[in-house]
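Below are the chains, spelled out letter by letter.
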Amino acid sequence: MWTGTVGLVNNQHKYLTAETFGHKINANGVGLKKKQQWTIEPFPISANGADYSNGNRLDDLDELENVAIKSHLDCYLAVDSFGNVTCESTEKTEGSRFTITICSMSSTATTQQEQISWAFRNISRGYYLGTTSDGMIQCNAKMPQSRAELWHVHLIPARGATMFALKSIGRKRFARTMPSVSGQMNGASNGSEVSEQIQVDATTAWGSETLFQFKYFDSGKYALLTSNTKYLTNEGICIDLSKSPIASLPPIECLFTIEYHCGNIAFRDSAGRYLAAAGRASLLRSRSTHVTKDEQFEFESAPIQVALRATFNNKWVSTKQGVDLSANQNELTKQETFQFEYNNSDQSWYITTYEGHYWALGGASTIQTNKDLSARSCFKIKWNSDDGSCSLAVSDPKAGDETLTKWIGARKSGQLFTCQSDSAVKFFVKFLNRTSINLRASNASGFVGLKLPGSGKLESNKTTPDSMRIEYANSENNGLDFSDIDSTFNCCYLKMMSNNKYLSLIENNSVAADASSAACAQQFQIELRSGTQIAIKTYESNSNYLNLTKNGSIVVSNCLPESATLWEF
């Protein structure tokens, strides 16, 4: 079932707010800050059932799924038998059980444009959550007959998961970006960029083509974007708006409202049709005006997938030769792609292949792949401050002394094996399924983005992220040639997609997206610190990191690696 963090906006464009002190709630928030963030959680019916004296049985309701609404203080919104709305208890009670009803209204009396809103019906009382003109919260309406009981939902990307895999409930397949058939023919004939479409036919969420993100606009409208920030239309085609004139809204065919159905999410276009996989090609496009399992989707988190290039021979680590892992390949394929799954209990990593096999210790101290889950090994990552590379070690809590740690080395053939620290091989890491990233400091609630459209100044309190593309490069090329860097890269550039400018340093070591080319931009190195967090260091510096100051400025400053700002990506 879907769980999401949202802002709830009433008909006066004010946000539902939980005040920090006194457990007071109101609808007077003018923006989406921490106090305006609410988590919608599934709230299954308890085994012993509930006694609804007012006769409102659960099977009489339009929406069968039950939810609870939790504030940033971890307290649940609840309604008593008199209609008083409180937010004081950290425990779920029957008074905090709601269902979601999707309502449609014309936006104004003079237009037929449809406006979709959510209404929250309290199960125990049988009335809808609403507001008064002065922002007070009440639950006195039997039906959502006025806009006072209607809410726009401002969905906030989950922490550490701004990009997600989109899975169809009906087809049990993941969506992925593919070249369109007509685009392949036209692109091949005239040399232009090949157009893309989205198909729901992937059995696993593997590669950047299976990752998506959403972008919120006013009045509860959303756009669904690919990992390379192209917009999905209701006809299933992806369009690039990065070179279009700056506008407040994308084209109407790219805008959807989200609806809650049976614990999942559905996307509805302006014509009242829902996104679903259609035809033999499973093209994701608007089709039916009714919601079935085919129109329902869930967001799944996708672990980071990377390639490892050994510095001693400039070869990629691969499984092409069989179960043995060796750094001996010049080209990147699925056999050189590995998924790093973070283990929070001891800050280590499980590493898996495309076939679902795990890295594990093999015979004769080798590193091999093994499909047996119980045989998998945990690994630690050590980042080398001198060149931005990393070294890998087998995680063994019993080792204690670092001299007993088994590090990963490589023979002349490239075959990986365990060794002492002085023989550990160094790797440069390339992100493969995160070709672009959305940054949010782990100690902040806002995203990094442009302060004003078309401006290069950055701010760190945006409710919607501005994506940055990672462009890997060799520092000696000075950003002039990206054509052949797969085997030689040692740094990267970060390009802001909303204005097509690169990050650079300006006065007082502040960072701005104002460099028109990579030759004028700052070179960075990315350190993977956890499954959802990275640290960003400037190239050719041992301790200059991209940091967020207390006043919200984004600067490059000297600090210890453990003190650097961790950025959710």
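Calculation notes
- Residues numbered from 1 in each chain as written.
- Predicted model: local features only at pLDDT ≥ 70, side-chain atom pairs only at ≥ 80, totals over all residues.
- Heavy atoms only, no water.
- Helix = DSSP H or I, 4+ residues; strand = E, 2+ residues; numbered from the N terminus.
- Contact = heavy atoms within 4.5 Å.
- Areas by Shrake-Rupley, 256 points an atom, 1.4 Å probe, with all protein chains shown as cover.
- Buried < 20%, exposed > 50% of the residue type's maximum accessible area, 1.4 Å probe, protein only.
- Salt bridge = Lys/Arg side-chain N within 4 Å of Asp/Glu carboxyl O.
- Disulfide = S-S within 2.5 Å.
- Phe/Tyr/Trp six-rings, centres within 6.5 Å; stacked < 30°, edge-to-face > 60°.
- Lys NZ or Arg CZ within 6 Å of the ring centre and 35° of its normal.

Visitor: Kindly report on the overall build of the chain, identifying the contributing residues and their values.
Guide: Secondary structure assignment for the chain yields one helix and 49 strands. Look at the contacts in the chain between residues 6 or more apart in sequence, and 55% of them connect residues 24 or more apart. For the chain, the exposed surface amounts to about 25,100 Å²; the carbon and sulfur share of it is 47%.

Visitor: Hey, could you go over unusual backbone geometry for me, with residue numbers and the actual values?
Guide: If you check the backbone angles, Asp74 has positive phi at about 65° while not being a glycine. Structurally, Asp74 can be placed in the loop between strand 5 (67-70) and strand 6 (76-79). Its identity as a non-glycine residue notwithstanding, Asn509 has a phi of 60°, on the positive side. Its place among the elements puts Asn509 in the loop between strand 43 (501-505) and strand 44 (511-515). A relative accessible area of 41% places Asn509 in the partly exposed class.

Visitor: Account for the pattern of salt bridges, naming residues and giving values.
Guide: Counting across every chain of the model gives 18 salt bridges. Measuring nitrogen to oxygen at the nearest pair gives 2.7 Å for the salt bridge that ties Arg285 to Glu235. Of this pair, Arg285 sits in strand 23 (residues 283-286) while Glu235 is found in the loop between strand 18 (231-232) and strand 19 (237-239), placing the two residues 50 residues apart along the sequence. Given a relative accessible area of 27%, Arg285 falls into the partly exposed group. A salt bridge links Lys426 to Asp386; the nearest nitrogen and oxygen atoms lie 3.0 Å apart. Residue Lys426 is found in the loop between strand 35 (416-419) and strand 36 (427-431), and its partner Asp386 is found in the loop between strand 32 (379-383) and strand 33 (390-394); the two are separated by 40 residues along the sequence. Residue class for Lys426 comes out partly exposed when judged on its relative accessible area of 26%. What makes Asp386 exposed here is its relative accessible area of 53%. When salt bridges that share partners are traced, they join Glu41, Lys70, Asp74 and Lys92 into one network.

Visitor: Describe the state of the cysteines, with residues and values.
Guide: A complete count under the given rule lists zero disulfides for this structure. Of all cysteine sulfurs in the structure, the one in Cys238 sits closest to Cys254, which takes part in no disulfide; the separation is 9.3 Å.

Visitor: Provide a residue-level description of the packing of aromatic side chains, including the pertinent values.
Guide: Inspection of the entire model under this criterion finds 19 aromatic pairs. Seen from their ring centres, Phe164 and Phe214 are 5.9 Å apart, and the 40° between their planes marks the pair as tilted. Of the two residues, Phe164 sits in strand 13 (residues 164-168) while Phe214 sits in strand 16 (residues 211-217), which places them 50 residues apart along the sequence. Among the residues examined, Phe214 registers a relative accessible area of 9% and is labelled buried. Here the aromatic cluster, defined as three or more aromatic residues joined through ring pairs, consists of Phe164, Phe214, Tyr216, Tyr222, Phe267, Phe297 and Phe299. Lying over the aromatic face of Tyr127, Lys142 brings its terminal NZ or CZ to 5.1 Å of the ring centre. Positioned over the ring face of Tyr350 is Arg376, at 3.5 Å from the centre of the ring.

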